[in-house]
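# Results of the structural survey
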Amino acid sequence: MIEFGVIGFLILVLVFFVTKSQGVQRELKQAQSSLKTIQSQNKQSLDIVIMTATQLQRMFQGQLAAKHKHGLISQADYDIASFVFENFQYIVVQCCQNNETVEVAVKKALKGQILTIEEISQFVARQPPEVKVPWCKNTIDGFVAACRNLVAEQKKQAAPTEQPASQ
């Protein structure tokens, strides 16, 4: 009688583990399916980021060339800004894909170049606050804003009007 009880208990344990493993396998298949979907969405999002960055890069390079053509930027500043805009897409992709800071991405872009990170930092330091402040955030959104402000046309500020003293 005890033998039948032990055998029955072992059968119940076996059934429990079989059903438990089937549930785990089902969850694993769902997780794999979700992973494939997320990977596909991430790839599509990265492709969109790359296309957008490429378009922004071309636009910024055109605006920079126009500023240089009109003599609004010195040759030394043009060379540094040109390097930044030539590597704009690379920097954006490094920041988005590898979750890097702008500084790390710029340093990677500088490998094999004569230009140094110190020269870029000095260039940024000479810029107006509209460029410096976003750049110093060291994030992708700050980088894009700094680049946009770097090539934006400077608006002349009107002199404040004096109000006559009321008597």
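Rules and cut-offs
Residues numbered from 1 in each chain as written. Predicted model: local features only at pLDDT ≥ 70, side-chain atom pairs only at ≥ 80, totals over all residues. Heavy atoms only, no water. Helix = DSSP H or I, 4+ residues; strand = E, 2+ residues; numbered from the N terminus. Rg over C-alpha atoms; globule rule 2.2 N^0.38 Å. Buried < 20%, exposed > 50% of the residue type's maximum accessible area, 1.4 Å probe, protein only. Contact = heavy atoms within 4.5 Å. Lys, Arg positive; Asp, Glu negative; His and termini not counted. Charge placed at Lys NZ, Arg CZ, Asp CG, Glu CD. 1 Å grid on protein atoms, 1.4 Å probe; cavity = no way out; pocket = protein on both sides within 12 Å on 5 of 7 lines; lining within 4 Å. Points joined across faces, edges and corners; volume = space filled by probe spheres on them. Nonpolar A, V, L, I, M, F, W, Y, C, P; charged D, E, K, R; others polar.

### Some remarks on the overall build of the chain
Counting its regular elements, the chain contains 7 helices and 0 strands. Scanning the chain from its N terminus toward the C terminus, one meets helices and strands in the order α-α-α-α-α-α-α. By the compact-globule yardstick of 15 Å for 167 residues, the chain is too spread out, its C-alpha radius of gyration being 30 Å. Counting only C-alpha atoms, the chain reaches 110 × 60 × 25 Å along its principal axes. Out of the 167 residues belonging to the chain, those deemed buried represent 26%. Looking at the chain alone, contacts between residues at least 24 apart form 57% of all its contacts between residues at least 6 apart. Counting 17 positive and 14 negative side-chain charges, the chain places the centres of these two groups 6 Å from one another.

### Considerations on unusual backbone geometry
Positive phi, normally seen in glycine, also occurs at Asn99, with a value near 55°. On the secondary structure map, Asn99 appears in the loop between helix 3 (88-98) and helix 4 (102-110). One non-glycine residue, Asn138, lies in the positive phi region at around 60°. Structurally, the position occupied by Asn138 is in the loop between helix 6 (129-136) and helix 7 (140-151). Residue classification places Asn138 among the partly exposed residues on the basis of a relative accessible area of 24%.

### Here's the deal with the layout of surface pockets
As a volume, the largest pocket reaches approximately 230 Å³. Every residue lining the largest pocket is counted, 12 residues in all, and those nearest its centre are Lys67, Leu72, Val151, Ala152 and Glu153. Counting residues per element, the ones that place at least two in the lining of the largest pocket are helix 1 (2-69) and helix 7. Top element by residues in the lining of the largest pocket is helix 1. It accounts for 5 residues. Of the residues contributing to the lining of the largest pocket, the split by class is 6 nonpolar, 3 polar and 3 charged. Volume-wise, the second largest pocket comes out at about 190 Å³. Lining of the second largest pocket is provided by Val102, Glu103, Val106, Ile117, Ile120, Ser121, Val124, Trp135, Cys136 and Asn138. Secondary-structure elements contributing two or more residues to the lining of the second largest pocket are helix 4, helix 5 (117-125) and helix 6. Ranked by the residues each element gives to the lining of the second largest pocket, the list is headed by helix 5, at 4 residues. Residues of the lining of the second largest pocket, tallied by class, amount to 7 nonpolar, 2 polar and 1 charged.

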